[in-house]
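So you can see what is in the structure, the chains are spelled out below.
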Amino acid sequence: MADPRDALTVSVALCTYNSGSYLDAQLESIFDLTPPPWEIVISDDGSTDDTVRRARSFVERANETGIRFRVIVGTGGLGVTANFQRAIEACSGELIALCDHDDVWHPDRLSSAVPSFANDNALLFQHGDARLVGAAGEPLGIGLFEALEVSRDELDGINAGRAFEIYLRRNLATGATAIVRRSLVEKALPFPASWVHDEWLATIAAALGRVEVLNRELIDYRQHGANQIGVQKPTMRYRVRRMLSSRGVRNARLARRAVDLAERLDEMQVAAPYRELAHAKARFEAARAALPANRLRRIGPVVRELRAGSYARFASQGRLDVVRDLLQPV
């Protein structure tokens, strides 16, 4: 068995919650990899079904194949991000592959991804595309990047070193396709409550080193209606519905996230350009959160931000978010 201190040992951080319907298929796909991972850590967030029993049923197979295998059983209530933090902290490998309980990994999930880390010590975070499938594993005829309408410019920009500014505008990194280097985890923890773990890791990685995106499908990303974090294609109907929905606490949440990022980057003393961008993002989101309830009174502040280029740099939908901020009811 490989020593955990050896370079490029790979741990799998797999989080579960009432995963009995899908866990076997996911674990089977991981055990069938060539080469397999060095370690699998499963962190359960208080499942009330047979998830833990199913997870433990793989212990003997892990022993036979030389994979280090650990199941952490919690009392529940952590939520996705905190549960992933617990799983990641328990991993021993130099690389940590994030894993959802209800997906299926493709045979080249690791073999196609790990060489990039071996060839570039500055690479801290990698993510890729996925094939969207239904509850029974049937292909939905669309990939993750296509569903999210990821552009060629965005993909090329990430690989060309513009990942930080791209992620500030909108998250393109899905944790189920991500691998992170341990040195990144050590700097990115703890995850702030305002962020989802994969978005946070990707953004911090982009400020500290290099990020890579693989324009290939690495997993079957199952969409079954009960996903804790799923994907929905932003159709025009979807955009209109979002535009006309109540503002609620969304803008306050975005403002809090931006502040948390700017403050953490200041603490880490990352390069000044990244810190300046993060503070500019925080100022923009604070301005959006402070827009008045009266739509007519929003026009001035929104137009000022539009002319300053803030929507183009920092809003996920660009000019559509201008319309959204002008029309959205309180």
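This one's a predicted model, so the numbers in the text were calculated from it and none came from an experiment. (Residues numbered from 1 in each chain as written. Predicted model: local features only at pLDDT ≥ 70, side-chain atom pairs only at ≥ 80, totals over all residues. Heavy atoms only, no water.)

In total, this model carries six aromatic pairs according to the counting rule given. Seen from their ring centres, phenylalanine 31 and phenylalanine 69 are 6.2 Å apart, and the 40° between their planes marks the pair as tilted. Linking phenylalanine 31 in helix α1 (residues 23-31) with phenylalanine 69 in strand β3 (residues 68-73), this pair joins segments that are 38 residues apart in sequence. Of the residues examined, phenylalanine 69 reaches a relative accessible area of 17% and is grouped as buried. Taken together, a centroid distance of 5.0 Å and an interplanar angle of 70° make the contact between phenylalanine 164 and tyrosine 274 edge-to-face. Linking phenylalanine 164 in helix α7 (residues 152-169) with tyrosine 274 in helix α12 (residues 272-289), this pair joins segments that are 110 residues apart in sequence. (Phe/Tyr/Trp six-rings, centres within 6.5 Å; stacked < 30°, edge-to-face > 60°. Helix = DSSP H or I, 4+ residues; strand = E, 2+ residues; numbered from the N terminus. Buried < 20%, exposed > 50% of the residue type's maximum accessible area, 1.4 Å probe, protein only.)

What follows deals with the pairing of strand β1 (residues 10-16). The element β1 is extensively covered by neighbouring structure, given that seven of its seven residues are classed as buried. Residues of β1 alternate between two faces, with Val10, Val12, Leu14 and Thr16 on one and Ser11, Ala13 and Cys15 on the opposite face, all of them buried. Of the pairings in the sheet, the one linking β1 to strand β4 (residues 95-100) comprises six bridges and is parallel in character. By the bridge assignment, serine 11 is partnered in β4 with isoleucine 96. As defined by bridge partners, β1 adjoins strand β2 (residues 39-44) across six bridges and the pair is classed as parallel. Among the inter-strand pairings, leucine 14 is bridged to a residue of β2, identified as isoleucine 42. Viewed along the sheet, the connection from β1 through α1 into β2 turns out right-handed. (Pairing = 2+ DSSP bridges. Right-handed = clockwise from strand over helix to strand, strands pointing away.)

Moving on, we come to the state of the cysteines. Using the criterion set out here, one finds zero disulfides in the structure. Cysteine 15 forms no disulfide, and the closest cysteine sulfur to it belongs to cysteine 99, at a distance of 8.9 Å. With a relative accessible area of 0%, cysteine 99 lands in the buried category. (Disulfide = S-S within 2.5 Å.)

What follows covers the side chain of serine 11. With respect to the helices, strands and loops of the structure, serine 11 is situated in strand β1. Overall, the relative accessible area of 0% leaves serine 11 in the buried class. Here the side chain of serine 11 touches glycine 93 through a polar contact of 2.8 Å, landing on its backbone nitrogen. (Polar contact = N/O pair within 3.5 Å; in protein donor to acceptor, adjacent residues only side chain to side chain.)

Structurally, leucine 98 is set in strand β4. Residue classification places leucine 98 among the buried residues on the basis of a relative accessible area of 0%. Separated by 45 residues in the primary sequence, leucine 98 and glycine 143 place their C-alpha atoms 19 Å from one another. Leave out the neighbours within four places in its chain, and leucine 98 touches Ala13, Phe84, Ile88, Trp105, Gly175, Ala176, Ala178, His197 and Leu201. (Contact = heavy atoms within 4.5 Å.)

Quick look at helix α11 (residues 250-268) now. Compared with the 27 Å implied by 1.5 Å per residue over 19 residues, the 27 Å span of α11 between its first and last C-alpha is a close match. Of all the residues in α11, the buried ones are Arg250, Asn251, Leu254, Ala255, Arg257, Ala258, Asp260, Leu261, Ala262, Arg264 and Leu265. Two residues or fewer after α11 comes glutamine 269, characterised by a positive phi angle close to 55°. (Expected span 1.5 Å × (residues − 1).)

Here we come to helix α4 (residues 80-90). What sets the pattern is the α-helix's 3.6 residues per turn: residues three or four places apart point alike. Within the sequence span of α4, burial applies to Thr81, Asn83, Phe84, Gln85, Ala87, Ile88 and Ala90. Contact partners of the buried residues in α4: β1, β2, β3, β4, α8 (182-188) and α9 (197-208).

This paragraph deals with the pattern of salt bridges. Oppositely charged side chains can form a pair if their charged atoms are brought close together. As enumerated under the stated definition, the model contains 24 salt bridges in all. Among the salt bridges present, the one from glutamate 165 reaches arginine 162, with a minimum N-O distance of 3.8 Å. Placement of both glutamate 165 and arginine 162 in helix α7 is noted, with a separation of three residues, approximately one turn of the helix. Judged by its relative accessible area of 30%, arginine 162 falls in the partly exposed class. Glutamate 285 is the salt-bridge partner of lysine 281, the closest N and O atoms lying 2.9 Å from each other. Placement of the pair is lysine 281 and glutamate 285 together in helix α12, with a separation of four residues, close to one helical turn. Taken together, the shared-partner salt bridges in this structure form one network comprising Lys281, Glu285, Arg288, Asp321, Arg324 and Asp325. (Salt bridge = Lys/Arg side-chain N within 4 Å of Asp/Glu carboxyl O.)

Our focus in this paragraph is the confidence of the model for the protein. This prediction gives the protein a mean pLDDT of 92; 91% of its residues lie at or above 70. Contacts of residues 1-6 to residues separated by more than four positions or lying in other chains number 10 contacts, the stretch itself having pLDDT below 50. (pLDDT = per-residue confidence, 0-100.)

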